[in-house]
Amino acid sequence: MSNKKRKNIHGNYVCQYDYLSIRQKITQPKIKKNRAGKMEMIAGDSKWFVYHKKHKMTDPLKNKNEAIKIAEQLILQKKKYVKHN
């Protein structure tokens, strides 16, 4: 069995925005059998996230521009991940 890699867990690295990184997680379309036994296509999906190091700072976003806008807001608010004890 392979090791869990950051790419598989957090998604593909796209770009760095100051101290935050933008990552994209892609789900490929699949063909599955439904209850009736017929083949059915399940659509793929693309989700964007803003990370500070290995900590997710946002919920899934729809596109890169939206992720960059939220990253700008987080930087202006000087938000960083704080470990809770």
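(A) Local environment of the pattern of salt bridges. Per the counting criterion, the structure on display carries one salt bridge. Among the salt bridges present, the one from K47 reaches D45, with a minimum N-O distance of 4.0 Å. The class of D45 is partly exposed, set by a relative accessible area of 37%.

(B) Inspection of the packing of aromatic side chains at higher detail. Summed over the entire model, instances satisfying the criterion amount to one aromatic pair. Between F49 and Y51, the ring centres sit 6.3 Å apart and the planes meet at 65°, which makes this aromatic pair edge-to-face. Considered together, F49 and Y51 belong to a single accessibility category, that of buried residues. When the ring centre of Y19 is taken as origin, the NZ or CZ atom of K80, which lies over that ring, is 5.1 Å away.

(C) Just the environment of S46, in detail. Structurally, the position occupied by S46 is in strand β5 (residues 45-52). Residue classification places S46 among the partly exposed residues on the basis of a relative accessible area of 29%. When the C-alpha positions of S46 and Q77 are compared, they lie 27 Å apart, and in sequence the two are 31 residues distant. Sequence-distant contacts of S46, defined by excluding residues within four places in its chain, comprise Q24, K25, L61 and K62. A distance of 2.7 Å separates polar atoms of two side chains, one belonging to S46 and the other to Q24.

(D) Up close: the sheet that holds strand β6 (residues 55-56). Spatially, four strands are ordered β1-β2-β5-β6 in an open sheet, and the strand pairing comes out antiparallel. Because the sheet does not close on itself, it has two edges, and the strands there are β1 (12-17) and β6. Here β1 runs beside strand β2 (residues 20-27); their pairing, made up of five bridges, is antiparallel. Its bridge partner being in β2, C15 is matched across the sheet by I22.

(E) Structural detail: a nonpolar patch on the surface. Side chains of I31, M39 and M41 sit close together on the surface and give an oily, nonpolar patch of about 370 Å² of accessible area. Assignment of secondary structure puts I31 in strand β3 (residues 30-33).

(F) Here's a closer look at the nonpolar core. Ranked by size, the top nonpolar core spans 10 residues in total: C15, L20, I22, W48, V50, L61, A67, A71, L74 and I75. Contributing elements (two or more residues each) for this core: β2, β5 and α2 (64-76). At four residues, α2 tops the list of elements feeding residues into this core. When neighbours within four sequence positions are excluded, L61 is seen to be in contact with S46, K47, W48, V50, E66, A67 and I70.

Conventions adopted
Residues numbered from 1 in each chain as written. Predicted model: local features only at pLDDT ≥ 70, side-chain atom pairs only at ≥ 80, totals over all residues. Heavy atoms only, no water. Salt bridge = Lys/Arg side-chain N within 4 Å of Asp/Glu carboxyl O. Buried < 20%, exposed > 50% of the residue type's maximum accessible area, 1.4 Å probe, protein only. Phe/Tyr/Trp six-rings, centres within 6.5 Å; stacked < 30°, edge-to-face > 60°. Lys NZ or Arg CZ within 6 Å of the ring centre and 35° of its normal. Helix = DSSP H or I, 4+ residues; strand = E, 2+ residues; numbered from the N terminus. Contact = heavy atoms within 4.5 Å. Polar contact = N/O pair within 3.5 Å; in protein donor to acceptor, adjacent residues only side chain to side chain. Pairing = 2+ DSSP bridges. Patch = residues over 30% accessible without salt bridge, like charges linked within 9 Å, V, L, I, M, F, W, Y side chains within 5 Å. Areas by Shrake-Rupley, 256 points an atom, 1.4 Å probe, with all protein chains shown as cover. Core = buried A, V, L, I, M, F, W, Y, C linked by side-chain atoms within 4.5 Å.

Purely geometric numbers; function is a separate question.
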